[in-house]
Amino acid sequence: MVLTASISWAHLPVGKVWPAVQFPDGKTPAIDGNLVEWDVIPSPYWITHEDLTETVVGVGTAFDATDMALRAIVGWNNSANKVYIMEDRFDNAIWVTTGWEPMEFEFDSDHSGGMFGVFPDVTDQEQKDRLHGAQGQDYGFNQGGPGLNAWHKSQWHYNLPWGQFAKTQTAPEGGEGFFQAEYMLTGWDDLDWHGPDTSVIHDFQEDSIIGLNLTIIDDDNPTEGSYEGYWVLSGATNSYYEGDLLSDFVLAPIDADINWGAQATAVEDQTWGRIKSTFAE
Ligand SMILES: [Ca+2]
Ligand SMILES: [Ca+2]
Ligand SMILES: [Ca+2]
Ligand SMILES: [Ca+2]
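Residues numbered from 1 in each chain as written. Chains lettered and ligands numbered in written order. Predicted model: local features only at pLDDT ≥ 70, side-chain atom pairs only at ≥ 80, totals over all residues. Heavy atoms only, no water.

### Brief notes about the overall build of the protein
In terms of helices and strands, the protein carries three helices and 14 strands. Its C-alpha radius of gyration of 19 Å places the protein within 12% of the 19 Å reference for a compact globule of 281 residues. Evaluated residue by residue, the protein yields a buried proportion of 51% over its 281 residues. Considering only residue pairs separated by 6 or more positions, the protein has 69% of its internal contacts joining residues 24 or more positions apart. (Helix = DSSP H or I, 4+ residues; strand = E, 2+ residues; numbered from the N terminus. Rg over C-alpha atoms; globule rule 2.2 N^0.38 Å. Buried < 20%, exposed > 50% of the residue type's maximum accessible area, 1.4 Å probe, protein only. Contact = heavy atoms within 4.5 Å.)

### Things to note about the coordination of the calcium ion (ligand 1)
Donor atoms from the polypeptide that bind the calcium ion (ligand 1) are Ala 30 (O), Asp 32 (OD), Asn 34 (O), Glu 37 (OE), Glu 37 (OE), Glu 182 (OE) and Glu 182 (OE), placed at 2.3 to 2.6 Å. In the primary structure, the donors to the calcium ion (ligand 1) are separated according to the pattern A-x1-D-x1-N-x2-E-x144-E. (Donors = N, O, S within 2.8 Å, 3.2 Å for Na, K, Ca; no water.)

### Remarks on the coordination of the calcium ion (ligand 2)
The protein atoms donating to the calcium ion (ligand 2) are Asp 67 (O), Asp 67 (OD), Asp 91 (OD), Asn 92 (OD1), Asp 218 (OD), Asp 218 (OD), Asp 220 (OD) and Asp 220 (OD), with metal-donor distances spanning 2.2 to 2.9 Å. Sequence positions of the residues that donate to the calcium ion (ligand 2) give the spacing D-x23-D-N-x125-D-x1-D. Here the calcium ion (ligand 2) and the calcium ion (ligand 4) are spaced 3.6 Å apart, and both take Asp 91 as a donor. Here Asp 91 is found in strand β5 (residues 82–91), whereas its partner Asp 218 is found in strand β12 (residues 209–219), with 127 residues between them in sequence. Considered together, Asp 91 and Asp 218 belong to a single accessibility category, that of buried residues.

### Some points on the packing of aromatic side chains
Counting across every chain of the model gives 20 aromatic pairs. One aromatic cluster is present, built from ring pairs that chain together Phe 105, Phe 107, Tyr 139, Phe 141, Tyr 158, Phe 165, Phe 179 and Tyr 183. (Phe/Tyr/Trp six-rings, centres within 6.5 Å; stacked < 30°, edge-to-face > 60°.)

### Focus: the environment of Ser 109
As for its position among the elements, Ser 109 is in the loop between β6 (103–108) and α2 (125–131). Judged by relative accessible area, which is 2%, Ser 109 ranks as buried. Considered as a pair, Ser 109 and Val 96 are 13 residues apart in the sequence and their alpha carbons are 26 Å apart. Each residue touching Ser 109, except ones within four places of it in the same chain, is listed here: Gly 187, Trp 188, His 202, Phe 204, Ile 209 and Ile 210.

### Some words on the pairing of strand β13 (residues 227–232)
Inspection of the sheet shows strand β3 (residues 53–54) paired to β13 by two bridges, in the antiparallel sense. Across the sheet, residue Thr 53 finds its bridge partner in β13, namely Val 232. (Pairing = 2+ DSSP bridges.)

### Comments concerning the nonpolar core
In terms of nonpolar packing, the biggest core is built from 39 residues, with Met 103, Phe 105, Tyr 183 and Leu 214 touching the most fellow members. At five residues, the largest contribution of residues to this core is made by strand β4 (residues 68–77). Those residues in contact with Met 103 that sit more than four places away from it in its chain are Leu 70, Ala 72, Ile 85, Glu 87, Arg 89, Tyr 139, Gly 140, Tyr 183, Leu 214, Thr 215 and Ile 216. Ranked by size, the runner-up nonpolar core spans 15 residues in total, among them Phe 23, Ile 31, Trp 38 and Ile 258. (Core = buried A, V, L, I, M, F, W, Y, C linked by side-chain atoms within 4.5 Å.)

### Here's the deal with the pattern of salt bridges
Evaluation of the coordinates by the stated rule reveals seven salt bridges. Arg 89 serves as the salt-bridge partner of Asp 91, at 3.6 Å between the closest nitrogen and oxygen. What makes Arg 89 buried here is its relative accessible area of 0%. Across the pair Arg 89 and Glu 101 runs a salt bridge whose closest N-O atoms are separated by 3.8 Å. Of this pair, Arg 89 sits in strand β5 while Glu 101 sits in the loop between β5 and β6; the two residues are twelve residues apart in sequence, bridging distant segments of the chain. Accessibility assignment for this pair places Arg 89 and Glu 101 in one class, buried. (Salt bridge = Lys/Arg side-chain N within 4 Å of Asp/Glu carboxyl O.)

### Let's talk about the side chain of Asn 81
Among the structural elements, Asn 81 can be located in the loop between β4 and β5. From its side chain, Asn 81 meets the backbone oxygen of His 202 in a polar contact 2.8 Å long. A distance of 2.8 Å separates a polar atom in the side chain of Asn 81 from the backbone nitrogen of Phe 204. With residues near it in sequence (within four places) discarded, Asn 81 still touches Ile 201, His 202, Asp 203 and Phe 204. (Polar contact = N/O pair within 3.5 Å; in protein donor to acceptor, adjacent residues only side chain to side chain.)

### So, unusual backbone geometry
A cis amide bond, omega -10°, links Leu 12 with the succeeding residue Pro 13. Secondary-structure assignment places Pro 13 in the loop between α1 (2–9) and β1 (17–22). Along the chain, Leu 160 connects to Pro 161 via a cis peptide bond; the corresponding omega equals 5°. In this structure, Asn 81 takes a positive phi of about 55° despite not being glycine. Backbone geometry at Asp 207 places phi at a positive 70°, although glycine is not the residue there.

Have a look at this one:
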């Protein structure tokens, strides 16, 4: 009994706690799909495809990095009270924007665990809508369908000032290259789809643990349904609705080994780009 209970409550992978890097004030990333501000963050903060397990097709950990590869970083800032995620993904056939290949990520800011996404026993639609995403949230580009970035009735919460998503890609849809994205998110202890006035924002604290899982989906030929994999950090497919299965992330203190003074920004490039486009007009 005791063993069963401890297993059912264990966050996954068991015994693993990932660090979420703390951005000092003034060093938070611009959410523009240009990943240059993340370059100063060293590998102990990286999550790569080697950390993921494929759970649907049955590939397990036999990852082929020429088919898809991932580097992701989770960060946070105390003053802004936000979490930031970077996705740097190689894919031999990118279908994130028009197909169904999101990097999906689920958040349980207060680490409450429990169901947040599927309620088979709830038949009342109003009640279901209120529960869905309330105490854990599920995000990703087009995650809720084309143009939608969350898997709940609520969609306002990933737009400013609560959230922000941006991406770039080095190849057109269906091509081989990198899909690069940045995400800024608010934590919610209770997300009510009706709006922020009836929702409760989480207060992120240094050294606290949050529940978070990420999954990348590869489907290189969407018209033929060639589903290639569902690669999950926690190793549990049902992480998309069950908070107990999410991985643990600790909101790390400021890391003295990171040279934030050397952090590059894209501001100069963007300014020059604007000047050039002005010349061209
Ligand atoms: Ca950026
Ligand atoms: Ca692929
Ligand atoms: Ca929660
Ligand atoms: Ca693909």
